[in-house]
Amino acid sequence: MTKKIHFSDLGLVNTKSMFAKAMKEKYAVPAYNFNNLEQLQAIVSGCVKTKSAVILQVSGSARNYIGTSFLPHMAAGARAMADELEATIPIALHLDHGNSLELARECIDSGFSSVMIDASHHSFEENARLSREVVSYAHDHDVTVEAELGVLAGIEDEVVAEKSTYTQPEEVEKFLELTGVDSLAISIGTSHGAYKFKLKPGEEPPPLRFDILEEVEKRVPDLPIVLHGASSVLPEHVEQINRFGGSMDNTAGIPEDQLRRAAASAVCKVNIDSDGRLAMTATIRKVFHENPGEFDPRKYLGPARDELISMIVHKNNEVLGSGGRY
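Rules and cut-offs
Residues numbered from 1 in each chain as written. Predicted model: local features only at pLDDT ≥ 70, side-chain atom pairs only at ≥ 80, totals over all residues. Heavy atoms only, no water. Helix = DSSP H or I, 4+ residues; strand = E, 2+ residues; numbered from the N terminus. Rg over C-alpha atoms; globule rule 2.2 N^0.38 Å. Buried < 20%, exposed > 50% of the residue type's maximum accessible area, 1.4 Å probe, protein only. Contact = heavy atoms within 4.5 Å. Areas by Shrake-Rupley, 256 points an atom, 1.4 Å probe, with all protein chains shown as cover. Lys, Arg positive; Asp, Glu negative; His and termini not counted. Charge placed at Lys NZ, Arg CZ, Asp CG, Glu CD. Expected span 1.5 Å × (residues − 1). Phe/Tyr/Trp six-rings, centres within 6.5 Å; stacked < 30°, edge-to-face > 60°. Lys NZ or Arg CZ within 6 Å of the ring centre and 35° of its normal. Axes fitted to C-alpha atoms, helices over the stretch in contact; angles between N-to-C directions. Left-handed = near helix turned anticlockwise from the far one by under 90°. Nonpolar A, V, L, I, M, F, W, Y, C, P; charged D, E, K, R; others polar. Core = buried A, V, L, I, M, F, W, Y, C linked by side-chain atoms within 4.5 Å. Polar contact = N/O pair within 3.5 Å; in protein donor to acceptor, adjacent residues only side chain to side chain. Salt bridge = Lys/Arg side-chain N within 4 Å of Asp/Glu carboxyl O.

A.B. asks: I keep staring at the overall build of the chain and nothing clicks. Help me out?
C.D. replies: Looking only at helices and strands, the chain has 12 helices and 10 strands in total. Rg of the C-alpha trace for the chain: 19 Å, near the compact-globule value of 20 Å for 326 residues, within the 12% margin. Each of the three principal axes of the chain carries a C-alpha extent, and together these read 60 × 50 × 35 Å. Per-residue burial over the chain gives 59% buried out of 326 residues. In the chain, once contacts between residues fewer than 6 apart in sequence are set aside, the share between residues at least 24 apart is 76%. Accessible surface for the chain amounts to roughly 14200 Å². Of this, 51% is attributable to carbon and sulfur atoms. Here the chain contributes 33 positive and 47 negative side-chain charges, whose respective centroids are spaced 2 Å apart.

A.B. asks: Is there a simple way to explain helix 12 (residues 297-320) in this structure?
C.D. replies: Turn by turn, an α-helix covers 3.6 residues, leaving residues three or four places apart pointing in a common direction. With 24 residues, helix 12 extends 32 Å from end C-alpha to end C-alpha; this agrees with the ideal 34 Å at 1.5 Å per step. Summarising the contacts, the buried residues of helix 12 are in contact with strand 1 (29-33), helix 2 (37-50), helix 10 (256-263), strand 10 (267-272) and helix 11 (274-290). Phi turns positive one or two residues past the end of helix 12, at Gly321, with a value near 75°.

A.B. asks: Whenever I open this one, the packing of aromatic side chains confuses me. Can you help?
C.D. replies: The description of an aromatic ring pair uses the distance of the two centres, along with the angle that the planes make with each other. All chains considered together, the criterion is met by two aromatic pairs. Note on Phe124 and Phe175: the rings are 5.9 Å apart at their centroids and 70° apart in plane angle, and the pair reads as edge-to-face. In this pair, Phe124 sits in helix 6 (residues 124-139) while Phe175 sits in helix 7 (residues 169-179), placing the two residues 51 residues apart along the sequence. Here Phe175 falls in the buried class, since its relative accessible area comes to 0%. Between Phe288 and Tyr300, the ring centres sit 4.8 Å apart and the planes meet at 55°, which makes this aromatic pair tilted. You can see Phe288 sitting in helix 11 and its partner Tyr300 sitting in helix 12, a full 12 residues away along the chain. On the basis of relative accessible area, Phe288 is assigned to the partly exposed category, the value being 35%. Between Lys21 and the ring centre of Tyr326, over which it is positioned, the NZ or CZ distance is 5.3 Å. Of note, Arg209 hangs over the ring of Tyr166, and the distance from its end group to the ring centre comes to 5.0 Å.

A.B. asks: What is the right way to look at the packing of helix 11 against helix 12 in this model?
C.D. replies: Relative orientation and spacing of two packed helices are given, respectively, by the angle between their axes and the distance between those axes. Remark: helix 11 packs on helix 12, axes separated minimally by 8 Å, with the N-to-C direction vectors making an angle of 145°. Viewed along their axes, helix 11 and helix 12 form a crossing whose handedness is right-handed. Every residue of helix 12 that contacts helix 11 at Asp275, Gly276, Ala279, Met280, Thr283, Ile284, Val287 and Phe288 is listed here: Lys299, Tyr300, Leu301, Pro303, Ala304, Arg305, Glu307, Leu308, Met311 and Lys315. Taken together, the residues that form the contact of helix 11 with helix 12 break down as 11 nonpolar, two polar and five charged.

A.B. asks: Teacher, can you tell me more about helix 4 (residues 71-84) here?
C.D. replies: For helix 4, built from 14 residues, the straight-helix expectation of 20 Å at 1.5 Å per residue is met to within 8% by its first-to-last C-alpha distance of 20 Å. Taken residue by residue, helix 4 has Leu71, Pro72, Met74, Ala75, Ala78, Arg79 and Ala82 as its buried positions. Tucked into the core, helix 4 has its buried residues touching helix 2, strand 2 (54-59), helix 3 (60-66) and strand 3 (91-98).

A.B. asks: What is the right way to read the nonpolar core from this model?
C.D. replies: Most often, soluble globular proteins keep nonpolar side chains buried together rather than apart. Within the largest apolar cluster, 93 residues are counted, with the highest numbers of intra-cluster contacts made by Phe34, Leu56 and Val115. Setting aside its immediate chain neighbours within four residues, Leu56 contacts Tyr32, Phe34, Leu40, Ile43, Ala78, Ile91, Ala92, Leu93 and His94. Formed by six residues, the second largest nonpolar core is a distinct cluster that contains Val233, Ile241, Leu278 and Ala282.

A.B. asks: Even after reading the chapter, I still don't get the side chain of His97, so can you show me in this structure?
C.D. replies: Position of His97 relative to the elements: it lies in strand 3. A residue is classified by how much of its surface remains accessible, and His97, at 7% relative accessible area, is buried. Within the structure, the side chain of His97 is placed 2.9 Å from the side chain of His228, a separation counted as a polar contact.

A.B. asks: Any chance you could explain the pattern of salt bridges here in plain terms?
C.D. replies: Close approach of charged atoms allows side chains with opposite charge to pair. Applying the stated criterion across every chain, the model contains 19 salt bridges. The salt bridge partner of Arg261 is Glu214, with a shortest N-O separation of 3.1 Å. With Arg261 in helix 10 and Glu214 in helix 8 (residues 210-219), this residue pair connects regions lying 47 residues apart in the sequence. Residue Arg261 is classed as partly exposed on the basis of its relative accessible area, which comes to 47%. Put simply, Glu173, Glu215, Lys218 and Arg219 are held in one network by salt bridges that share partners.

A.B. asks: Just to check I follow, could you spell out the environment of Thr165 for this structure?
C.D. replies: Note that Thr165 resides in the loop between strand 7 (159-161) and helix 7. Taking the C-alpha atoms as reference, Thr165 lies 26 Å from Met248; in sequence the two are 83 residues apart. Residues contacting Thr165, with those up to four places away along its chain left out, are Gly150, Val151 and Ser187.

Shown next as structure tokens:
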């Protein structure tokens, strides 16, 4: 039997104090997904540079890709890297879109400090029942729990939904009473993946449903709210991908001004995955175009890591407002 690891032994924290500070000071904590070492290094470096707390996220499939035995060591390495840079920024390790109690338990037992149970595609009753089961186990280990109410459209990693279902504010209070979750992802118009909206040339993305966000905030003023699918799909990265051999037409993300507005509300956590992928892919394509004979991974993953650091610095300082908070 594999020895259980508590997140505190890895130098990690759960999200309670992160969210309390974010709600009080009106900013959002960045939650960046990673799949490999270079992404993790970039996330830590960018958050150290900006003095920002950070939530390191992996989905179930990313956990399998990395290797379940590697993850605790990578998380401990992230903490050590920040310490070496003399940064005391809080770091959490979070399961993104967990789909079962069994997966949540495995992650908690291997050092995760936060888990998400996504049963939003089930009925309200089944979503609440499964979320409550995860909360019961997680809270026994001081691990925080995120759930989701409403469904986000789009495709990213193992999350697939053809259409969105907006969160119903009147269901939120009942859901919280039934589950005891620590934070809640709501659906207000964000979506997963790089192709969030089908837009005609010159057309702008539809605005987020701030009326839903404000109603939830009014009904449950102390609830930490989470936005999934919040990448902006930065045009410069899409253009660079296409210029150097890629094919990503008609992509559109969440405008940064809308994310700034959300981050100044009760939204305490903003998930960013696609933007990180696009930044690295754009850089790798450029390196291969300019140096077609290159075969040393350090020569293309290194520049890709640097571009991701720059993107994270921008996000933390200019969009989420988390820079300089620690």
